[in-house]
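Chain residues, written in single-letter form:
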Amino acid sequence: MAEQPKILSPYVILFIFFISSSTVISHKPAACIKRDQDSLWSSFDMPSHLNWSSEDCCHWEGITCDMAGWITHISLPYKGLKLKGGDSFPSSSLGNLSHLTHLNLSHNSLEGSLDQTGFFSSLSRLEILDLSYNLLSGELPFSLPSSTIQMLDLSHNHLQGSIPSSFFKEAWRLTSFNVSYNFLTGSIPSSYICLHSYPLIRLLDFSSNNFNGSISRGLGKCLKLQVFRAGSNNLSGLLPEDIYNATKLEEISLPHNSLHGAISERIVNLVNLKILDFSYNGLSGKLPSSIGKLSKLKLLLLHFNNLEGSVPPTLMNCMNLTELNLGFNKFEGNISALDFSKLSQLIKLDFASNRFTGNLPISLYSCKSLKAIRLSENDLEVEIQSEILSLQSLSFLSLALNRLANITRTMKILMRFKSLVYLSLNANFVGEEMPADIGMVEFEGFQKLRYLSLCRCEFTGQLPAWLSKLKKLQVLDLGDNRITGSIPSWLGTLPRLSYLRLDNNSISGEFPKNLCTLPMLISEPNAAQVDDTDLELIVYPFQGASHRLYRMSNQRVKGIGNGTVESLETRIGYGQLPFFSGQLILGNNNLSGYIPDQISNLRSLEVLELQMNHFSGKVPPSLASLNFLNYINVSYNNLEGSIPRSTHLQRLDASSFEGNAKLCGAPLPNKCLPIKGNDADNGNSQDHEENGHENQIPWLHISVVLGFITGFWGVCGSLVLKEKWRYGYFKFVDRVQERILLCMAKLQSRLRS
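Here's what I pulled together on the structure shown here. (Residues numbered from 1 in each chain as written. Predicted model: local features only at pLDDT ≥ 70, side-chain atom pairs only at ≥ 80, totals over all residues. Heavy atoms only, no water.)

On to the state of the cysteines, then. Tallied over the entire structure, the rule returns three disulfides. Through a disulfide, C32 is tied to C57; the S-S separation comes to 1.6 Å. For the disulfide bridge between C32 and C57, the dihedral angle about the S-S bond is near 55°, and by the sign convention the bridge is right-handed. One end of the pair, C32, is in the loop between helix 1 (10–26) and helix 2 (34–41); the other, C57, is in the loop between strand 1 (44–45) and strand 2 (63–65), and 25 residues separate them in sequence. (Disulfide = S-S within 2.5 Å. Helix = DSSP H or I, 4+ residues; strand = E, 2+ residues; numbered from the N terminus.)

Quick look at the nonpolar core now. Counting 172 residues, the largest nonpolar core has I74, F228, L315 and L491 as its most contacted members. A total of four residues in this core trace back to one element, the largest contributor, which is helix 5 (residues 407–414). For L315, the contacting residues outside a window of four places in its chain are L287, I291, G292, L300, L321, L324 and L326. Listed in part, the 12 residues of the second largest apolar core include V421, L535, I585 and V607. (Core = buried A, V, L, I, M, F, W, Y, C linked by side-chain atoms within 4.5 Å. Buried < 20%, exposed > 50% of the residue type's maximum accessible area, 1.4 Å probe, protein only. Contact = heavy atoms within 4.5 Å.)

One open sheet accounts for eight strands, arranged 14-16-18-20-22-24-26-28; its pairing is parallel. Two strands bound the open sheet, and with one partner strand each, they are strand 14 (212–213) and strand 28 (379–380). The pairing of strand 18 (residues 258–261) with strand 20 (residues 282–286) spans two bridges and is parallel. When the sheet's bridge partners are listed, G261 is paired in strand 20 with L283. (Pairing = 2+ DSSP bridges.)

Attention now moves to a nonpolar patch on the surface. On the surface, a nonpolar cluster with roughly 560 Å² of combined accessible area is contributed by F732, V733, V736, I740, L741 and M744. Among the structural elements, I740 can be located in helix 9 (residues 723–752). Overall, I740 belongs to the partly exposed group, its relative accessible area being 48%. (Patch = residues over 30% accessible without salt bridge, like charges linked within 9 Å, V, L, I, M, F, W, Y side chains within 5 Å. Areas by Shrake-Rupley, 256 points an atom, 1.4 Å probe, with all protein chains shown as cover. Salt bridge = Lys/Arg side-chain N within 4 Å of Asp/Glu carboxyl O.)

The next point concerns the pattern of salt bridges. In the structure shown here, the tally under the stated rule is 13 salt bridges. Here K34 and D38 are joined by a salt bridge, their closest N and O atoms 2.9 Å apart. Of this pair, K34 and D38 both sit in helix 2, four residues apart, which is roughly one turn of the helix. Taking the shortest distance from any N to any O, the salt bridge between D477 and R501 comes out at 2.9 Å. Of this pair, D477 sits in strand 32 (residues 475–477) while R501 sits in strand 33 (residues 499–501), placing them 24 residues apart in sequence.

Now the structure itself:
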């Protein structure tokens, strides 16, 4: 007989329901603890957009409580928060949140100092503390908040002083420490930080401070360290030898310091390394061949050092490389011997300013991901082949200061690139003729080109009309050639052109008025006008270059690393759009005629160079209205008259106006002679037309005076001199008077009747 299923009695079911309900009710979160809620209210000047309307602070935006109602998490980044309590961090308010484990107040406007032990000592359960991107100042506290702290981020503040030796004394669980972008001084605490945090520390970031001295030994004890950053400080000395013991390292970034010495062969121990950045230092010696065993390496940035010798062929085994920058060193050897075929992920290649020889490696064309190639300032004998077009993503190409030949063939090939944004072929093709329009008039290439530099090539010929089709061209540099003819009017129609350099040529004719209508210079560029495409590489000044390219911010670079330059080519940070300020560089040519007054239409013009030409007439008074104009040079022309008065013109050096014998006024030492009839306030600012009117004889006034004199003496003089005429005149007047009175009497009698 089959067993009957057991059926629970109603009493058992009721009991189970009661127990379950009690459990659910007992786990209902409690309301916010009033003391915690009061601490929050007294901590911040609350912005109106923050949703803190509930009576229970556990339901407030950015606040999390535990089941007992204690606040455990505060996450309020980007809220515009400001602290109450004046200049000091409010240890009496936030410090009361004794159950707090996570505190994120990054990207706000918090001010005050953290060097109050009271604030940290009460937060004994804190695990995550992120106060980055605020306005905190003062020194770091004596020690970390608690032994439970895991992540501390105080980056992008105004902290000062050194890091106390006791700061990491209880850092048993610390995994991430970031104090980058502050004003901290002293030495980096590498000798003792891993003694206390061993073995959990994974990230150390000391970048962009004022740390000095050498990096002491101790990092090798950080066996789990993955990221070590200390760039943009004042560090010196050798690389610590024990850094090669930290085999978990994935990133070492120490750029912009004064480190010296060689890179050890022991770098082969860092098998997990993905980023190695020693740029802008003084490292010397050869690149170790063992570096080719770092199979995970993605970024190798060693530019601006003193490294020498040949590039080890084993480096081409780093198949995960996306950026390889060995520029501005002393490397040498035949670049054609390097096999790039394994670097299928390579995006940026920079070997600029070394001593490489040979031709472009054919294997380079197999790197289909390449977006940027810079091999400028070497000793390469290059003739561009059509195979380069296989690099369809290429947007940045600089082969300047080498020994390229056949400019016409080169341009016919390169113009077929659809993605090229930056092209620099300076100081090549010596003595060849500027590529004319034969076979190039109907081209559809260079449609994204924004920077074209063919300066210092000694080109002959005239400016070709195919340049007029480069509708996105922003910078055109054809200086230091032997170009003849006049400046074509179509240059003034290029919609994005803001930098034009044609100096040191043999260009003749007048200043084209069409240049006074350049769209990018007649008004300030806005977001809709400017292309937001970024350059793939930083643009550096080349040795001896005569570029005068500024950033829109007017920051000027006088020299970088071992490259010294007379004047500037913009140095642009990674990912930043190169805003070249408005400049017309036309000096040292054969231009003549007047400087057009319409030049005042170029309201965004910052630099105007017209020196060593044959301009005549006056300096246009309208130049005084160009508020952005910060440099002008019209020296050694045939200009005359007074220099217009304005704040920016008078503060220039006298050399900007010298060599004009008839020019006067500040900043030149020779003063202008006073001109009779001129308004004292206008002084030297009158133009040709005004001076012409003032020097004319006032015939109208003279004729009026002569007419009055002639009429007066012609009538009155005869009456005085001739007695008979005088009696006849008065007799006539009496008769007229009698007739008038008689007529009036008759009229009056008629009216009465």
